Amino acid sequence: MELQTEDIANVRLIHIAGRIDHTTVQSFQDLLLPKLTDCTGETKKALLDLRGVSYMISGGWRILVLAVRQCQRQQGEMVLAALSPFLQKIYPMTHFDTVFKVFATIPAALEHLSPTAAYVFDGGE
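Rules and cut-offs
Residues numbered from 1 in each chain as written. Predicted model: local features only at pLDDT ≥ 70, side-chain atom pairs only at ≥ 80, totals over all residues. Heavy atoms only, no water. Phe/Tyr/Trp six-rings, centres within 6.5 Å; stacked < 30°, edge-to-face > 60°. Helix = DSSP H or I, 4+ residues; strand = E, 2+ residues; numbered from the N terminus. Buried < 20%, exposed > 50% of the residue type's maximum accessible area, 1.4 Å probe, protein only. Pairing = 2+ DSSP bridges. Contact = heavy atoms within 4.5 Å. Axes fitted to C-alpha atoms, helices over the stretch in contact; angles between N-to-C directions.

J.: Got a minute to help me understand the packing of aromatic side chains in this structure?
T.: Centre-to-centre distance and the angle between the planes together describe a pair of aromatic rings. Following the criterion strictly, the structure yields three aromatic pairs and no others. Ring geometry for Trp 61 against Tyr 91: centres 5.9 Å apart, planes inclined by 40°, an arrangement best described as tilted. One end of the pair, Trp 61, is in helix H2 (residues 58-73); the other, Tyr 91, is in helix H3 (residues 85-94), and 30 residues separate them in sequence. For Trp 61, a relative accessible area of 4% translates into the label buried. The class for Tyr 91 is buried, based on a relative accessible area of 13%. Their ring planes at 50° and their centres at 6.3 Å tell us that Trp 61 and Phe 100 sit as a pair that is tilted. Of this pair, Trp 61 sits in helix H2 while Phe 100 sits in the loop between H3 and strand S5 (102-103); the two residues are 39 residues apart in sequence, bridging distant segments of the chain. Grouping aromatic residues by their ring pairs yields a cluster made of Trp 61, Tyr 91 and Phe 100.

J.: What should I look at first to understand the sheet that holds strand S4 (residues 78-81) in this one?
T.: Strand order in this open sheet of five strands is S1-S2-S3-S4-S5, and the pairing throughout is mixed. Of all strands in the sheet, those with a lone pairing partner are strand S1 (2-8) and S5, marking the two edges. Where strand S2 (residues 11-20) lies against strand S3 (residues 45-56), nine bridges are found, and the strand directions are parallel. The partner of Ala 17 across the bridge, within S3, is Gly 52. Running at roughly 180° to S3, H2 makes contact with S2, S3 and S4 of the sheet. On the sheet, H3 packs against S3 and S5 and is oriented at approximately 100° with respect to S3.

Shown next, in the form of structure tokens:
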């Protein structure tokens, strides 16, 4: 499991790749949550790019819930984008559609979070 961050205007884009299973779920939490400490109001919003996640156990979803709640407590916002084919199959079964805003693409998520970030984003889909 790998996690890389990229700040685009007022959005922290967090690319997550690999397997989130019983051997990596704790490191996923340890790497992700500190990246969200400045997810506050308009200052910094968070976007998780999940297109590279090939597998995720329920504990990974639990960490995503912790992450979105952390941002909400800080008056910030976190959204998910570009779910991998595996996650696209699983997501409807999680019933987390009331917890997460999910966007098909990174540009669509950026447009929702920050038109400025969407404008300066140079990554491809």
